[in-house]
Structures are given as C-alpha cells and as structure tokens.
Amino acid sequence: MNKVFAEPAQRLNGLGSAIFAEMDKLRREVESEGKEVINLGIGSPDRAPGAHVRETLASACAIETDYGYTMTHGIDALRTAIANWYQQRFHVKIDVETEVLSLMGSQDGLAHIYTAFINPGDIALIPDPGYPIYTAGLILAGGQKYAMPLLAENNFLPDLSQIPAAIAAKAKLMFINYPNNPVAATADLTFFQAVADFANTYGIMVCHDNAYSELAYDGYRPPSFLQAKGAKDIGIEFHSISKTYNLAGCRLGFAVGNRKILAGLAMLKSNLDYGIFKPVQLAAIAALSGSQEVVRQNASAYQARRDVLVDGLAEWGWHVPKPRGSMFVWAPLPKGIISSRQFALDLLRQTGVVVIPGVAFGTQGEGYVRIALVREPEILRVAVARIGEFLRHCL
Ligand SMILES: Cc1ncc(COP(=O)(O)O)c(C=O)c1O
C-alpha cells in the first residue's frame with residue numbers, strides 16, 4: 001500500500017504564511033508565562049453592534065420558523081436593503097434580482113470567485129502586499145499569480161503601466177482593495193476609472209474588495225469601484241457587515257455588480273451552501289436600513305484610536321503615517337531595523353504587544369509592520385509606552 005493516511009492534498013501546499021503560525025505560537029508562549037498580551041495583530045472588530053441590530057437578531061432567533069435553509073441568494077428583503085444602501089451611500093443603482101449576491105462573510109466570495117472562474121494556469125493580477133485570501137483562493141483553484149507591487153512611491157496603488165501587455169491580454173481576473181488591508185492606503189475615483197478602462201481594454205474581471213468603505217477618517221468618504229464608468233461591465237465589489245456594523249461573527253457579506261460574474265459565483269455557491277441563517281439576514285437588514293449614526297460613531301472611535309497610536313509613537317521617535325481609512329496602521333520599520341519578522345517577534349517576546357510583520361502579506365510588505373486599531377485608547381496608550389521603551393532599549 002503506497003498511500004499515506006490523511007495526507008493533505010497537494011493543493012494545500014503553499015497556503016498560508018508560516019509567519020502567522022510562528023507569531024501565534026509565540027503569543028501563546030508569552031501568555032503562558034503570565035505576561036499580559038496586547039493583541040494588535042488580527043483585524044477583528046472589538047466594538048459592539050448597534051442595540052437595534054442586536055435586538056433584531058435576538059427576537060428573530062425566538063421565532064420557531066426561522067431555522068430552515070434560506071438558500072444561496074439571500075432573502076428578497078436583504079437584497080433590497082443592500083441595493084438601497086448602495087444607492088444611498090454611493091449613488092449606484094443595483095438591480096435586486098440580478099446584481100446582488102449575499103455571502104457567508106465576504107471571505108466566502110473572495111475565496112470562491114476563483115473556483116468559479118479560474119482554470120488551472122489562468123493568470124490573476126494580485127496586489128503585493130495583499131490580504132492573504134486573494135492568493136490562497138487562487139492557489140486552491142490552480143491559478144497563476146502575477147503580483148502587482150504596492151509601493152510607497154506610488155501611494156500604494158498598483159502601477160498599471162508596469163503590467164506587460166502580454167500578461168494583461170492573458171489575465172482573467174484582477175483584485176484591488178481600497179481602503180486597503182494591510183497597507184491602509186485609499187484610492188480615489190480617478191484610480192478606479194483607470195482600472196475600469198484597463199480591464200475593459202483587456203477583458204479582465206475586476207474584483208474590488210470594499211470591506212473598509214465605512215472606516216474612513218478626517219471627513220474622507222471612500223468611493224465605490226462601481227462609480228467608475230464601465231465598471232459594472234467588467235467588475236464586482238465585495239462588502240461586508242463585519243467591519244461596518246461590528247458583526248464579524250455573524251458571517252454576512254455581499255457582492256454587487258456585473259450580473260454574469262455574480263451568476264457564476266451563485267452557481268458555484270448553490271452547490272456548496274444553503275444560505276445564511278435567517279436571523280442574521282434580518283439583523284443585516286436592520287443594520288443597513290436603520291440609522292447610520294452608529295457607523296459614524298464607529299469611524300470616529302477608530303479615528304481617535306489612530307491618533308492615540310500614531311501621535312503616541314511619534315513622541316517616542318517612531319514616525320508612521322496616519323491612514324485615511326481601514327482599521328490598520330502600516331508602519332515603516334524604525335531606522336536601523338531590516339527584518340519585519342524579527343522586529344515583530346522581538347517586540348512580542350519583550351513587550352507582549354502583537355503586530356504583524358509586513359512580509360506575511362507578500363514580499364513587498366518587507367520593511368513594514370501592520371498594527372490593528374482593535375483596542376480602546378487606554379490600552380493603546382499602554383501598548384505605545386511598551387513599544388516606546390522597547391525602541392529606547394533596542395535601537
Ligand atoms: C480586506 C478584507 N476583506 C475581507 C475581509 C473578510 O471579511 P468578512 O468578515 O466579510 O469575511 C477582511 C477581514 O479582515 C479584510 O481585511
């Protein structure tokens with residue numbers, strides 16, 4: 001018998017970054033030594049959803065008949081609430097029947113879009129650094145990655161003119177994401193228009209991940225990719241109630257835009273899942289169609305955290321840019337430090353503060369660490385003081 005029991009499939013090779021596992025192992029060690037860890041690693045919202053949303057969820061859970069399968073597309077009222085929200089927020093018209101698909105968290109769609117559209121060897125244009133699922137989903141589908149570097153000198157936007165015409169002609173799909181994770185950069189409509197024009201020229205499907213559209217600061221309002229002319233001819237946009245309404249554990253996201261792309265994704269998903277728990281869909285409707293004051297309060301809370309962190313680090317001599325959006329600070333390593341992995345490991349071991357090495361998000365992430373704004377200002381002040389002392393001793 002030349003088989004190995006429970007040997008993982010080869011397609012799992014190359015998934016995930018070993019650095020995340022290494023950081024997590026060290027975090028557990030540090031915790032077991034009794035040190036208080038301040039985890040600014042994972043971007044999991046720590047703030048509560050609005051009271052009206054929690055009440056809707058709780059009362060829907062009490063209804064005996066709300067426990068059946070709901071099927072893939074999402075209940076009609078959810079699709080309508082999504083289309084209305086899109087109209088109000090971005091002035092983009094979405095057809096409720098054909099241009100909306102609910103997802104079990106946007107991650108569901110980000111992962112499965114490749115299974116639905118990528119054949120082995122097909123090329124996808126992926127930002128580097130980038131949110132890991134853009135690469136993981138592609139690997140699982142057997143596709144080939146063409147990395148688009150996100151560099152500080154280009155304001156962390158991919159330089160479309162650097163993509164060889166032969167690659168663009170072959171590429172099937174492109175991912176973009178603004179406000180961005182991990183680099184916390186934002187993009188304006190001029191950039192989205194350039195992407196839409198490029199994609200229309202070469203016949204490339206565009207997937208814009210707009211998970212952080214409502215976490216924006218200093219009065220900035222991020223646009224939708226679908227506001228660009230011709231965007232809906234080639235693209236879709238992913239959203240989520242996770243960050244906007246602090247409902248990450250509920251697992252509800254959605255994709256809107258090009259009907260052919262959404263039909264392909266829906267066709268795959270109808271074979272994979274039976275839809276989202278109805279009380280969660282009702283909670284999402286309450287969130288999307290209720291007062292957006294909670295969203296504004298949420299953004300100002302994150303802005304205050306950003307200021308505490310960035311201003312605090314500056315007092316210790318570590319100057320990092322203030323982002324206009326996302327829940328992250330993308331911090332260039334302090335002078336004299338070269339390895340983001342070593343810096344993050346040393347910082348965690350010595351101070352208990354978790355940050356993620358930039359290289360975990362792609363080779364172009366080296367030279368940076370990502371700090372998530374997922375703790376209240378008083379905890380961030382403690383983190384800043386610990387980081388400051390660490391820098392004073394190690395530099
Ligand atoms: C850029 C980005 N897109 C998507 C997601 C996934 O969100 P969801 O909870 O909707 O699956 C995250 C989660 O951190 C993210 O950072």
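Residues numbered from 1 in each chain as written. Predicted model: local features only at pLDDT ≥ 70, side-chain atom pairs only at ≥ 80, totals over all residues. Heavy atoms only, no water.

A few words now on helix 4 (residues 106-117). Quick reminder: α-helices carry 3.6 residues per turn. Residues three or four places apart thus point the same way. Given a rise of 1.5 Å per residue, 12 residues ought to cover 16 Å, and the 17 Å separating the end C-alpha atoms of helix 4 matches this to within 8%. Where helix 4 is concerned, the buried positions are Ser106, Asp108, Gly109, Leu110, Ala111, Ile113, Tyr114 and Phe117. (Helix = DSSP H or I, 4+ residues; strand = E, 2+ residues; numbered from the N terminus. Expected span 1.5 Å × (residues − 1). Buried < 20%, exposed > 50% of the residue type's maximum accessible area, 1.4 Å probe, protein only.)

Packed helices, taken two at a time, are described by the angle between their axes plus the distance between the axes. Relative orientation of the contacting elements helix 2 (residues 51-61) and helix 11 (residues 278-289) amounts to 155°, with a least axis distance of 8 Å. With respect to helix 11, the element helix 2 is oriented roughly antiparallel. By crossing handedness, the relation of helix 2 to helix 11 is classed as right-handed. The segment helix 2 lies against helix 11, with His52, Val53, Thr56, Leu57, Ala60 and Cys61 engaging Pro279, Val280, Leu282, Ala283, Ala286 and Ala287. Considered class by class, the residues forming the contact of helix 2 with helix 11 number 10 nonpolar, 2 polar and no charged. (Axes fitted to C-alpha atoms, helices over the stretch in contact; angles between N-to-C directions. Parallel < 35°, antiparallel > 145°, perpendicular 65-115°, else oblique. Left-handed = near helix turned anticlockwise from the far one by under 90°. Contact = heavy atoms within 4.5 Å. Nonpolar A, V, L, I, M, F, W, Y, C, P; charged D, E, K, R; others polar.)

Let us look at the site of the ligand. Near the ligand, the surroundings consist of 15 residues, among which Asp209, Tyr212, Ser240, Ser242 and Lys243 are the closest. Ser106 is positioned such that a nitrogen or oxygen atom in its backbone is 2.8 Å from an oxygen atom of the ligand. Starting from 400 Å² of accessible surface for the ligand in isolation, the protein chains cover 92%. Sorting the residues of the shell around the ligand by element identifies helix 4 and helix 9 (241-244) as the ones contributing at least two each. Ranked by the residues each element gives to the shell around the ligand, the list is headed by helix 4, at 3 residues. Among the residues making up the shell around the ligand, the classes are represented as 5 nonpolar, 7 polar and 3 charged. (Near = heavy atom within 4 Å. Polar contact = N/O pair within 3.5 Å; in protein donor to acceptor, adjacent residues only side chain to side chain. Areas by Shrake-Rupley, 256 points an atom, 1.4 Å probe, with all protein chains shown as cover.)

Moving on, we come to the nonpolar core. In this structure, Leu125, Met174, Phe225, Trp318 and Ile371 are the most contacted members of the largest nonpolar core, which totals 103 residues. Among the domains, domain 1 (10-48 + 294-394) and domain 2 (64-289) are the pair contributing at least three residues each to this core. Those residues in contact with Trp318, other than ones at most four positions away along the chain, are Leu313, Ala331, Pro332, Leu333, Pro334, Phe343, Val369, Ile371, Ile387 and Leu391. Ala111, Leu138, Leu262 and Ala266 belong to the second-largest nonpolar core, a separate cluster that totals 26 residues. (Core = buried A, V, L, I, M, F, W, Y, C linked by side-chain atoms within 4.5 Å. Domains from an automatic or database assignment.)

Our focus in this paragraph is the packing of helix 4 against helix 10 (residues 259-272). Interaxial distance between helix 4 and helix 10 falls to 9 Å at its minimum, and their mutual angle equals 100°. The pairing of helix 4 with helix 10 is recorded here as roughly perpendicular in orientation. Packed against helix 4, whose contacting residues are Asp108, Gly109, His112, Ile113, Thr115, Ala116 and Phe117, the element helix 10 presents Lys260, Ile261, Gly264, Leu265, Leu268, Lys269 and Leu272 at the interface. The residue inventory of the contact of helix 4 with helix 10, partitioned by class, reads 7 nonpolar, 4 polar and 3 charged.

Our next topic: helix 7 (residues 189-202). Between the first and last C-alpha of helix 7 there are 20 Å, a value that for 14 residues agrees with the 20 Å anticipated at 1.5 Å per step. Every buried residue of helix 7 is accounted for by Phe191, Phe192, Val195, Ala196, Phe198 and Ala199. Axial view of helix 7: buried residues confined to an arc of 165°, hence all on one face. Residues of helix 7 that are exposed and angled more than 90 degrees away from the buried face: Thr190 and Thr201. Summarising the contacts, the buried residues of helix 7 are in contact with strand 3 (123-128), helix 6 (165-170), strand 5 (173-176), strand 6 (205-209) and helix 8 (231-234). Phi turns positive, to about 65°, at Gly203, one or two residues after helix 7. (Arc of directions from axis to C-beta.)

Geometric descriptors of this kind do not, in isolation, establish any biological role.
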